Amino acid sequence: MARFIMRRVALLVVAVAAMSGIVFVMLRILPGDVASAMAGVHASPGRVGALRRQFGLDQPLATQYVDWIAGLLRGDFGLSVTTGRSVSALVGARASVTLPLIAIGLAVAVAIGLPLGCAAALSRSPRRRGVYQAIAIVGGSVPALWAGALFMILLGRGVGLIDLFPSQGFGGEGWAAPRQALASLMLPALTVGVIVGAGVMRYTRSALDDLASSGYIDMAMACGMTRREAMLSTGLRLSAPRLVSVLGLTLAQMITGVMVVENLFALPGLGTGLVVDVGNRDLVAVQGELFMLTVVFLVIGFLVDIMHRVLDPRLGDDREERR
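The rules we used
- Residues numbered from 1 in each chain as written.
- Predicted model: local features only at pLDDT ≥ 70, side-chain atom pairs only at ≥ 80, totals over all residues.
- Heavy atoms only, no water.
- Helix = DSSP H or I, 4+ residues; strand = E, 2+ residues; numbered from the N terminus.
- Buried < 20%, exposed > 50% of the residue type's maximum accessible area, 1.4 Å probe, protein only.
- Contact = heavy atoms within 4.5 Å.
- Salt bridge = Lys/Arg side-chain N within 4 Å of Asp/Glu carboxyl O.
- Axes fitted to C-alpha atoms, helices over the stretch in contact; angles between N-to-C directions.
- Left-handed = near helix turned anticlockwise from the far one by under 90°.
- Nonpolar A, V, L, I, M, F, W, Y, C, P; charged D, E, K, R; others polar.
- Parallel < 35°, antiparallel > 145°, perpendicular 65-115°, else oblique.
- Expected span 1.5 Å × (residues − 1).
- Bend = angle between axes of the 7 residues up to and from the residue.
- 1 Å grid on protein atoms, 1.4 Å probe; cavity = no way out; pocket = protein on both sides within 12 Å on 5 of 7 lines; lining within 4 Å.
- Points joined across faces, edges and corners; volume = space filled by probe spheres on them.
- Phe/Tyr/Trp six-rings, centres within 6.5 Å; stacked < 30°, edge-to-face > 60°.
- Core = buried A, V, L, I, M, F, W, Y, C linked by side-chain atoms within 4.5 Å.

So, about the side chain of Arg 94. With respect to the element layout, Arg 94 can be found in helix H5 (residues 87-122). Using a relative accessible area of 14% as the deciding quantity, one classes Arg 94 as buried. With residues near it in sequence (within four places) discarded, Arg 94 still touches Pro 268, Gly 269, Leu 270, Gly 273, Leu 274, Asp 277 and Glu 289.

Here you go:
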């Protein structure tokens, strides 16, 4: 297990290094000059030259890349062109909104999708299975914008039928007032959770249906379990690696997928900030944010690999399988 983790860590480091190069190069092969894009269309040549010197854009690309990587290793992502603040501070402040939103939304999705998926797989009535299938299709087809507006109308404070949760903003104090912060995330998390939960429901039902026709469930029933017990214990345990993969991919998609939800509920998260920085031509901030999002995606894949190995030790690399 230790060797497996070390190999995965080495691959993670290589992948992060490769993606840093890709992010760096992609922002510099865009049409036009980076300094001109940051300065704006009507900027004077003096302003463009000052920006080029300030951010080291007059240096060779290799020097720029080495300086950027050296800054990343120190935790320095550079300074935002528009605000003058540290990009790492901006990303940290925005991540403190987006990451809890994703965590709560994923918890809602699992709380909705896992029980409904199990119920759909256990049901033998064609009518009930049709109802569950309709719920999954409708839930997964609802646009995030429409679902968020519906939750606002139902539960939004000041505008909804039930005056329960704030519908706009994150509160001036942020996490210094945790109750208010959590309340601000509830409607966005419900919006994300319902849509993602429909996908979790479909994958859970599909995984259990596949196992129901295999010999594993029959063997568990032969040991004295009922069909329900065999499906919920043996079936879920054997489906765990597959469900972990689905949840890992879903989590990675949610990081960028919450952009619409953040804009709808006026949350100062990563998605909203990235859109604002692109619109303001703050390419220094965009470069740091894209790199951070890339690292998060890679770390999620790394954790999914580790979870696979923990849940099923047989899932080793090809060398271990040959041995």
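Applying the stated rule across the entire model yields 6 salt bridges. The shortest N-O distance in the salt bridge between Arg 8 and Asp 305 comes to 3.4 Å. Placement of the pair is Arg 8 in helix H1 (residues 2-26) and Asp 305 in helix H13 (residues 283-311), with a sequence separation of 297 residues. Its relative accessible area of 30% is what places Asp 305 among the partly exposed residues. Measuring nitrogen to oxygen at the nearest pair gives 2.8 Å for the salt bridge that ties Asp 277 to Arg 94. Within this pair, whereas Asp 277 is found in helix H12 (residues 270-279), its partner Arg 94 is found in helix H5, the two being separated by 183 residues in sequence. For the pair shown, Asp 277 and Arg 94 are each scored as buried. Because the salt bridges share partners, they merge into one network encompassing Arg 94, Asp 277 and Glu 289.

The next thing to look at is unusual backbone geometry. Notably, Ala 266 is not glycine yet its phi reads approximately 55 degrees, a positive angle. Relative to the assigned elements, Ala 266 resides in the loop between helix H11 (259-264) and H12. On the accessibility criterion, Ala 266 (37% relative accessible area) is partly exposed.

Here we take up the packing of H12 against H13. For the pair H12 and H13, the least separation of the axes is 9 Å and the interaxial angle reads 145 degrees. The interaxial crossing formed by H12 with H13 has left-handed handedness. Contacts between H12 and H13 involve Leu 270, Gly 273, Leu 274, Asp 277 and Val 278 on the former and, on the latter, Ala 285, Val 286, Glu 289, Leu 290 and Leu 293. Along the lines of polarity and charge, the residues of the contact of H12 with H13 split into 7 nonpolar, 1 polar and 2 charged.

Moving on, we come to the environment of Val 97. As for its placement among the helices and strands, Val 97 is situated in helix H5. Judged by relative accessible area, which is 2%, Val 97 ranks as buried. Separated by 192 residues in sequence, Val 97 and Glu 289 place their C-alpha atoms 14 Å apart. Among residues more than four places away in sequence, those in contact with Val 97 are Phe 170, Leu 185, Leu 267, Pro 268 and Gly 269.

Close contact between H5 and H13 brings their axes to 10 Å; oriented N to C, the two are set at 50 degrees. Considering the angle they form, H5 stands oblique to H13. Note on packing geometry: the crossing formed by H5 with H13 is right-handed. Every residue of H13 that contacts H5 at Val 87, Val 91 and Arg 94 is listed here: Val 284, Ala 285, Gly 288, Glu 289 and Met 292. Here the residues of the contact of H5 with H13 sort into 5 nonpolar, 1 polar and 2 charged.

Another point: H5. Between its first and last C-alpha, H5 extends 50 Å over 36 residues, near the 52 Å set by a 1.5 Å rise per residue. A maximum bend of about 35 degrees is found in H5 at Ala 95.

Taken as a whole, the largest pocket spans an internal volume of roughly 500 Å³. Around the largest pocket, the lining comprises 23 residues; the ones closest to its centre are Phe 55, Trp 68, Gly 78, Val 284 and Gln 287. For the lining of the largest pocket, the secondary structure elements donating two or more residues are helix H2 (34-39), helix H4 (61-73) and H13. Looking at the lining of the largest pocket element by element, the count peaks at 5 residues for H4. One number sums up the size of the second largest pocket: a volume of about 370 Å³.

Quick look at the packing of aromatic side chains now. Tallying each qualifying case throughout the model produces 6 aromatic pairs. Arranged with centres 5.3 Å apart and planes meeting at 65 degrees, the rings of Phe 24 and Tyr 65 form a pair that is edge-to-face. Remark: Tyr 65 occurs in helix H4 and Phe 24 occurs in helix H1; sequence separation between them is 41 residues. Tyr 65 gets classed as partly exposed once you look at its relative accessible area, which sits at 25%. Taking 5.8 Å as the distance between ring centres and 70 degrees as the angle between the ring planes, the aromatic pair formed by Phe 170 and Trp 175 counts as edge-to-face.

Leu 185, Phe 265 and Leu 267 are the most contacted members of the largest nonpolar core, which totals 49 residues. Ranked by residue count, the leading element in this core is H5, at 10 residues. Discounting chain neighbours no more than four positions away, the residues touching Leu 267 are Val 97, Leu 101, Gly 169, Phe 170, Ser 184, Leu 185, Pro 188, Glu 262 and Thr 272. By size, the runner-up hydrophobic cluster in this structure holds 8 residues, among which are Ala 121, Leu 122, Ala 220 and Ala 230.

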